[in-house]
Amino acid sequence: MKPHPHARILVGKVGLDGHDRGAKIVARALRDAGFEIIYTGLHQTPEMVVSTAVQEDVDAVALSILSGAHNYLFPKVLGLLREQGAHDVVLFGGGIIPEEDRARLLEQGVAEIFTPGTPIQKVVDFAHEKIVPLARKRRQAG
Amino acid sequence: MSTRKNSSPPEPATAKQRYRTQSGLPLKEVYTESDLAGSNPPREIGNSGEYPFTRGIHRTMYRGKPWTIRQFSGFGSAVDTNRRLRFLLEQGQHGLSTAFDLPTLMGRDSDDPLSRGEVGREGVAIDTLDDLETLFRDIPLEKISTSMTINAPAPVIFAMYLATARRQGAAWSTLRGTLQNDILKEYIAQKEWLFPPRPSLRLITDLVAFCCREVPKWNTISISGYHIREAGSTAVQELAFTLADGIGYVQSCLEAGLQVDEFTPRFSFFFNSHNDFFEEVAKLRAARRLWAVIMRERFGARDPRSWMLRAHVQTAGCSLTAQQPYVNVARTTLQALAAVFGGTQSLHTNSLDETYALPTEEAATLAVRTQQVIVHESGVSQVVDPLGGSYFVEDLTHRMEKEASRLIHTIDDMGGIVAAIERGFPQREIAEASYTYQREVDSGERIIVGVNRYQQSDDTPIPTLSIDPEVENDQLKRLEKIKSQRSQREVTRALDRVRRTARGTENLMPTFVEAVEAQVTLWEVCGTLREVFGSYQENPVF
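Residues numbered from 1 in each chain as written. Chains lettered and ligands numbered in written order. Predicted model: local features only at pLDDT ≥ 70, side-chain atom pairs only at ≥ 80, totals over all residues. Heavy atoms only, no water.

Let us now look at the overall build of chain A. Counting its secondary structure elements, chain A contains five helices and five strands. Element order for chain A, N to C, with α for helix and β for strand: β-α-β-α-β-α-β-α-β-α. Here the C-alpha radius of gyration of chain A, 14 Å, is about what a compact globule of 142 residues would show, namely 14 Å. For chain A, the proportion of its 142 residues judged to be buried stands at 57%. Taking all contacts inside chain A whose residues are at least 6 apart in sequence as the whole, residues at least 24 apart take part in 72%. Counting only carbon and sulfur atoms, one obtains 51% of the accessible surface of chain A, whose full area is about 6200 Å². Counting 17 positive and 17 negative side-chain charges, chain A places the averaged centre of each group 4 Å from the other. (Helix = DSSP H or I, 4+ residues; strand = E, 2+ residues; numbered from the N terminus. Rg over C-alpha atoms; globule rule 2.2 N^0.38 Å. Buried < 20%, exposed > 50% of the residue type's maximum accessible area, 1.4 Å probe, protein only. Contact = heavy atoms within 4.5 Å. Areas by Shrake-Rupley, 256 points an atom, 1.4 Å probe, with all protein chains shown as cover. Lys, Arg positive; Asp, Glu negative; His and termini not counted. Charge placed at Lys NZ, Arg CZ, Asp CG, Glu CD.)

Before going further, it helps to spend a moment on the nonpolar core. Judged by nonpolar contacts, the single largest core of 173 residues is most densely connected at A:Ile9, A:Phe92, B:Phe100, B:Phe158, B:Leu175, B:Phe512 and B:Leu529. Here this core spans two domains, since at least three of its residues come from each of domain 1 (61–443) and domain 2 (472–533) of chain B. Among residues more than four places away in sequence, those in contact with A:Ile9 are A:Leu30, A:Phe35, A:Glu36, A:Ile37, A:Ile38, A:Val58, A:Ala60, A:Ala62, A:Phe92, A:Ala127 and A:Ile131. By size, the runner-up hydrophobic cluster in this structure holds 24 residues, among which are A:Leu10, A:Ala69, A:Leu78 and A:Ala86. (Core = buried A, V, L, I, M, F, W, Y, C linked by side-chain atoms within 4.5 Å. Domains from an automatic or database assignment.)

Turning our eyes to something else, we now look at the sheet that holds strand β2 (residues 95–99) of chain B. Residues and elements named next belong to chain B. The four strands are arranged β2-β3-β4-β5 in an open sheet whose pairing can be described as parallel. Two strands in the sheet have a free side with no partner beyond their single neighbour: β2 and β5 (218–219). Relative to strand β4 (residues 176–179), strand β3 (residues 145–149) runs parallel, the two being bridged by four bridges. Directly across from Thr146, in β4, lies its bridge partner Gly177. Here helix α5 (residues 154–168) sits on the sheet in contact with β3, β4 and β5, set at roughly 150 degrees to β3. (Pairing = 2+ DSSP bridges. Axes fitted to C-alpha atoms, helices over the stretch in contact; angles between N-to-C directions.)

In the predicted model, chain B carries a mean pLDDT of 93, and 97% of its residues have values of at least 70. In the model, residues 1–10 of chain B has pLDDT below 50 throughout and makes 15 contacts with residues more than four positions away in sequence or in other chains. (pLDDT = per-residue confidence, 0-100.)

Quick look at unusual backbone geometry now. Along the chain, B:Tyr51 connects to B:Pro52 via a cis peptide bond; the corresponding omega equals 0 degrees. Among the structural elements, B:Pro52 can be located in the loop between α1 (41–44) and β1 (68–69). Positioned with a positive phi, A:His43 is a non-glycine residue whose angle comes to about 60 degrees. Residue position: A:His43 is located in the loop between β2 (36–39) and α2 (46–55). A positive phi angle is found at B:Phe53, which is not glycine, with a value near 65 degrees. Mapping B:Phe53 onto the fold places it in the loop between α1 and β1.

A word on the domain arrangement of chain B. All names here are of chain B. Each assigned domain of chain B is listed here: domain 1 (61–443) and domain 2 (472–533). The partner domain 2 presents 31 residues to the 46 residues of domain 1 that form the contact. The junction of domain 1 with domain 2 conceals about 3200 Å² of combined surface from both sides, 61% of it contributed by carbon and sulfur atoms. Looking only at domain 1, the three residues that lose the most surface to domain 2 are Val156, Phe195 and Arg202, adding up to 18% of its buried area. Applying the counting rule to domain 1 against domain 2 returns five salt bridges. Glu472 is the salt-bridge partner of Arg116, the closest N and O atoms lying 3.8 Å from each other. Where domain 1 meets domain 2, there are 20 residue pairs in polar contact (both at pLDDT 80 or more). For the side of domain 1 that touches domain 2, the secondary structure elements donating two or more residues are α4 (129–135), α5 and α7 (197–214). Of the residues forming the side of domain 1 that touches domain 2, the biggest block, ten residues, is contributed by α5. Grouping the constituent residues of the side of domain 1 that touches domain 2 by class yields 25 nonpolar, seven polar and 14 charged. (Buried area = accessible area lost by both parts, 1.4 Å probe. Salt bridge = Lys/Arg side-chain N within 4 Å of Asp/Glu carboxyl O. Polar contact = N/O pair within 3.5 Å; in protein donor to acceptor, adjacent residues only side chain to side chain. Nonpolar A, V, L, I, M, F, W, Y, C, P; charged D, E, K, R; others polar.)

What follows is the structure, encoded as structure tokens:
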């Protein structure tokens, strides 16, 4: 018997960027830490990612962006999540993202942006602290 | 500096420490003559410029000609990049190396919904022949060599290059340069594909056959381990999967009816140079020996140029750290030195700021200066293969060769590299290696300076380059204008011919040239091909 997952997290690659090393490492580490992972695969549009997120009723969406398109893609996904009524879904991510862009994205409502050199445990800790309580609340409400 | 504090003091090596290369090959404390006992030095090591080329492909190596400093660059619009390319030529650079933006690399036009936010970001945007012509305006294609890093849509971009040459009045037979055009490593590592592997290989063999007849000086494929390593493979896996890809291309071209010595002299290779100094040197030496044997013994090549593995090397982007980024200069220097000791023909050194963004001009200049210091100040280029004959380096070269051969045999047993890719074999091996590497870094077992040892809490931010978002709007306007001015009838006719030819077996290259000359866009051609060839979905492994 598998223990009940702590939360459901969608790990996604949006846009044309195929660099999936980081996304796959994060997906595997979160899975090993007891989270249920839905990995979208590559070349997803923001619409596709949000539609999967809503259908799968995930608690969080994690995007990996190494192409420099983060200033467009994060706000786009955030906006679509809100449009779909998924206000409480946590959006976080990582990639090659300069500090000033990171600060602006956090201000816009992205919960966290992890940049190169982040120990994976930090991502797992984040998921425990920020996503698990929310998942519990959502399940009680639902 | 005095305010900065090391958060973790150096620790003495413990008795438990294991000695091994980055790929996990065990290391002895000291190597002696007995370590060469199993090998046959005259046959395996030999002389530079002679089969099996362990010591280098040229007899005099860097005395004859130093390696080429080939820095890869480009961003923004074709006009901006053209200005940059002309500047580089005025500075005395002989070869150009162009970077395309992500939509172009994926065969998409700038007005495609998937291209939003990516136009001109990581390279130059090319939608039509007009863009490529602008990129090379006032640059005589007869006189320079051009390296184009493009894969899935390479035949179409190359058709634009040929059409540009024709408009300039440059004969195709004079054109020199390199297309990366290595689709197999896309399925394995970089993931920029358009079609399934088998039709992709047909596009490549069409291009190779076309170049044999029409563009004989062109380097048709740059078989790339670089991206395989960046995706997290070990050095051994990089070596094995790259050569397995090379075997795959040779086989496909033979099946398409070409003669081995007709096309293989125009294949070249592209490797990564990572942190483990001796392992990287050994990898390049082993690569040359393995390829020479594969070409002569397996494929019966008779032309010595077919046996020679010509290599471009780039230092490892994935080894750069965001923390204390200036330390990256030290890493890059060591990696570059390993590439030189490994006997590379050309080299790209990364800039210290590339974990943040594309490099600033200052950072890019420092990267070039690093190579100039090695070539002019260090003295290392004066003697051929200076590590040759070292008990350790020869033994390590031998072991890299053996380990890579084992993996290549596994792939052979699966039915070749395409079958292995379809089964997810290289992808799974790499995912496993990359996860192991990350865990070793996270646990501190693998020390990365500034990341898990000698951290500083007050890293001061470094300047980074930002790209003007207006580039995207300008490019969209340009494309709209061309679409409104061209003859729709010609577009339809050209695309019909592409479609018909794709369904048959004739060479597709002439149909691409005709299409781009009618200002058909990149995606109109690629999308038409996709209707015939289908698309590709991978089964992700992690």
